[in-house]
Amino acid sequence: MTSDGGAGTAPVARLRPPRHRVSRRAIAYWTVRAAVGWLVPLAAQVVWLLSDLSNPSPHVLWLAVTVIVAAVHVVVMPQWRFRVHRWETTPEAVYTQAGWLNQSRRIAPVSRIQTVDTARGPVEQLFGLTNVTVTTASAAGPLKIDGLDHETAQRLVDELTSTTQAHTGDAT
Amino acid sequence: MTVDADSGLAPAAVAPQWRRLSSRMLAVHPVQETLRALPALLIAFVAGRSSGNGGLWGLFGVVVTVGLGVLRWATTSYRVGVDQVQVRRGFVRRRVLSIPRDRVRTVDITAHPLHRLLGLVRITVGTGQSDRKEGLRLDGLTAAEGDRLRVELLHRGAAVATVEPEATTGSVATGGVVAGGVAAAPAPAETVLASMRPGWVWYGPFTLSGLVTIGVVAGFVYRLANEAHVNPGRFGPLRAISHQLARVPLGIAIGEVALAVLVFVAVASTVGYVVAFWGFRLSRQDTGTLHMTRGLLTTRATTIEERRLRGVELSEPLLLRAVGGARCIAIATGLRVGRGAERGGSLLLPPAPHAEAVRVAAEVLGDPRPLTVRLTGHGRRAARRRYLRALEVAAVLPVGLALLWWLAGWPGWAPVVALAVLPVAAALAADRVRSLGHAISGGHLVVRQGSVVRRRYALAREGIIGWHLRQSIFQRRAGVVTVIATTAAGRQHYSLLDVPVDLSVPVVAEATPGLLDPFLIVG
């Protein structure tokens, strides 16, 4: 009963990253979202600066620091995220990868899938993006693929639901 | 259903009749509610002596609670349909709780002393999802009715609708109970897997359950002192004790208090053990269920469907391990584990000799190998991470105290004494390293980890419904990965900490053959 999986035979088999990236439009969406997020502290700092013009130098310094951090985040984060957020499906399994510093890979057999959800926020709709969430009967967390384009997401959902229906049982 | 069940005699033509709780419950409620309100009443009474009418208020409270109890009895009814169980309750807001019968995963029958006096039981139906809420609970069925309901709910489909008495104090089968029109057959064949031996009480003091008792007692005394303005210092024996403690040197006083607490915890833990687990018995019925009964005063009977079972957890808290004890918990879908596991009904064996726990776990799994198989350790890098983690956490105390000494002028000996936590942390880390390991044994993934509570999980491979491989930036540099098997049962996920990357793929591939193959590259 031991080691009847074909993978165990090779000396060093490694798990490769999932094959597909999410939609390129996701980069633009993440950039916009990050930029909007930074507007709030920036606006607060500008107000602070204007309210205390007698001694502006420390405020200007902090403002400059914030601008630099924000710029790096807005430029680097979406590119990085695009490179590490990946997904792949086969008729038997769904495989996702996420996380920039802490890498998280999830694999679920299609036969154990319980629900496949899609969600689109208002801004995501503008960019033509869809998030797909695949859940199993475990409460240990779903598989999420964020930032697919509509067509790919729809095709993925159709594919998963049709293969899931072929399996019976309560998938626990 | 608009028709109310009034007579209970009309033949159920289409829909089954609504059934009521036993009217004997009317006798239980007032006593039960009064007992529950006793601390509050006591406080009200003591406080009332100064303000004048506390007793009156207390009486009023009792009347209200008793009234509510009667109302609850009158408005609660239930029925078991072909595919649904329904409970109807509520006076102002009528609520009907419906549960599909195929969602029923456990049936739990408890009877506290008052219940037992009157031959009543409380039945709790576990559905997994709703077990945090009240779920489906019926308080006050007759014992026979409760057993009938249990059999009805769990052994559907099978034509054997049988009843055996065990929630009551083990008399001979009364028989003759009719379930769903099928006359009671002889009791199903049953194999006893474990039953408690008096010697197990020895493990009681090492469970430390008495600490909870201390907490409860201290809380009660504090409330009493606070709300009723009772000054404990005026209480004779207490005053004598505090005087005695004030006379002796500090070291001896601390020693005396520690000894007293130790004795109290040991006694309370032992009493707790006996009360909770006396008469423990685990059996397998040929209808595909595991049946557990226990309890000295309050009896408790839990039934778990074996098709919900996904494995077994063997846990050894440090103290219990030191005296060669262990306990056993079921990993099943729809059953709670971890905190409240004992009340949640997944207990398979109370603290008992280690060999006994292994034997029972093997019986339940139907395979002894997962419990004895040699585990693969996670290597040097995992070990280094255990030490680092432990020492990082332990260093907080001496470093913090040193900072306080430096900045706030705290005594200088404090950080030096606090250095003593470092060897303790190192010892714990060493033990964690020894514990850590995994194996695939037959149909099970076996994981062991922990020191303060060492746990060995045997999780059925078919019960694994996904994998989560997690690597922090430090783990990536160390070349290890945390492999998490997700499941619908028990804790929902079981982790293999810091598996060397080269070992991780074979584990997953062996536990779930073929799943990983498309995602692998060689070399």
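Residues numbered from 1 in each chain as written. Chains lettered and ligands numbered in written order. Predicted model: local features only at pLDDT ≥ 70, side-chain atom pairs only at ≥ 80, totals over all residues.

So, the overall build of chain A
From N to C terminus, chain A includes four helices and eight strands. When the helices and strands of chain A are listed from N to C terminus, the series reads β-β-α-α-β-β-β-β-α-β-β-α. In terms of C-alpha radius of gyration, chain A reaches 22 Å, well past the compact-globule figure of 16 Å for 172 residues. Expressed as lengths along the three principal axes of its C-alpha atoms, the size of chain A is roughly 80 × 40 × 30 Å. Of all 172 residues assigned to chain A, the portion counted as buried reaches 26%. Look at the contacts in chain A between residues 6 or more apart in sequence, and 56% of them connect residues 24 or more apart. (Helix = DSSP H or I, 4+ residues; strand = E, 2+ residues; numbered from the N terminus. Rg over C-alpha atoms; globule rule 2.2 N^0.38 Å. Buried ≥ 20, exposed ≤ 12 C-beta atoms within 10 Å, placed from the backbone. Contact = placed C-beta atoms within 7 Å.)

Observations regarding the overall build of chain B
Along chain B, the regular secondary structure elements total 17 helices and 21 strands. The burial tally for chain B puts 36% of its 523 residues in the buried class. Residue pairs at least 24 apart in sequence account for 56% of intrachain contacts in chain B once pairs closer than 6 positions are excluded.

Thoughts on the domain arrangement of chain B
Residue and element names in this part refer to chain B. Splitting chain B by domain gives domain 1 (19–188), domain 2 (200–277), domain 3 (291–377 + 436–518) and domain 4 (379–432). Here the C-alpha centroids of domain 3 and domain 4 sit 31 Å apart. Counting residues at the interface gives 10 residues for domain 3, matched by seven residues for domain 4. Per element, the largest residue contribution to the side of domain 3 that touches domain 4 is three residues, and it comes from strand 20 (residues 493–500). A class-by-class count of the residues in the side of domain 3 that touches domain 4 yields five nonpolar, four polar and one charged. (Domains from an automatic or database assignment. Nonpolar A, V, L, I, M, F, W, Y, C, P; charged D, E, K, R; others polar.)

Things to note about the sheet that holds strand 14 (residues 347–353) of chain B
Residue and element names in this part refer to chain B. Strand order across the open sheet formed by six strands is 14-13-12-17-16-15, with antiparallel pairing between neighbours. Each edge of the open sheet is held by one strand with a lone partner, namely strand 14 and strand 15 (437–441). On average, each strand axis in the sheet is inclined to that of its neighbour by 15 degrees, with strand direction left out of account. Where strand 12 (residues 309–317) and strand 13 (residues 325–332) come together, six bridges link them in antiparallel fashion. (Pairing = 2+ DSSP bridges. Axes fitted to C-alpha atoms, helices over the stretch in contact; angles between N-to-C directions.)

Some points on the sheet that holds strand 7 (residues 129–136) of chain A
Sheet strands pair by backbone hydrogen bonding; their relative direction is either parallel or antiparallel. Residue and element names in this part refer to chain A. The strand order across the open sheet formed by three strands is 6-7-8, and the pairing between neighbours is antiparallel. Among the strands making up the open sheet, the edge pair consists of strand 6 (113–119) and strand 8 (143–149). This sheet shows a mean twist of 20 degrees between the axes of neighbouring strands, independent of strand direction. As paired strands, strand 6 and strand 7 are joined by six bridges and run antiparallel to one another. Note that in strand 7 the partner of Thr115 across the bridge is Thr135.

Some thoughts on the interface of chain B and chain A
At the interface, 34 residues of chain B touch 35 residues of chain A. Counting residues per element, the ones that place at least two in the side of chain B that touches chain A are strand 18 (464–471), helix 16 (473–478), strand 19 (480–487), helix 17 (501–511) and strand 21 (520–522) of chain B. Take the side of chain B that touches chain A: its biggest share by element is seven residues, from strand 18 of chain B. Split by residue class, the side of chain B that touches chain A holds 17 nonpolar, 12 polar and five charged. Bridging between strand 1 (residues 13–15) of chain A and strand 21 of chain B involves three bridges; their strand directions are antiparallel. Looking at the pairing, Arg14 of chain A lines up with Ile521 of chain B of strand 21 of chain B.

Quick notes on the nonpolar core
Core analysis: the largest hydrophobic core is formed by 116 residues, its most contacted members being Val312, Cys328, Leu348, Val360, Ala361, Leu459 and Val483 of chain B. Not counting chain neighbours up to four residues away, the residues in contact with Val360 of chain B comprise Leu193, Ala194, Leu282, Cys328, Leu348 and Leu349 of chain B. (Core = buried A, V, L, I, M, F, W, Y, C linked by C-beta atoms within 7 Å.)

Section: the packing of helix 1 (residues 25–51) of chain A against helix 2 (residues 57–84) of chain A
Helix packing geometry: the angle between the two helix axes and the distance between the axes. Residues and elements named next belong to chain A. With their axes 9 Å apart at the nearest point, helix 1 and helix 2 run at an angle of 170 degrees to one another. Here helix 2 runs roughly antiparallel to helix 1, going by the angle between their axes. Here the residues of the contact of helix 1 with helix 2 sort into 18 nonpolar, six polar and one charged. (Parallel < 35°, antiparallel > 145°, perpendicular 65-115°, else oblique.)

Section: the domain arrangement of chain A
All names here are of chain A. Looking at chain A, the domain boundaries give domain 1 (25–82) and domain 2 (86–165). One C-alpha centre belongs to domain 1, the other to domain 2; they are set 32 Å apart. Of the residues lining the interface, six residues belong to domain 1; the matching set on domain 2 comes to eight residues. Listing elements by their share of the side of domain 1 that touches domain 2, those giving two or more residues are helix 1 and helix 2. Looking at the side of domain 1 that touches domain 2 residue by residue, the classes come out as four nonpolar, no polar and two charged.

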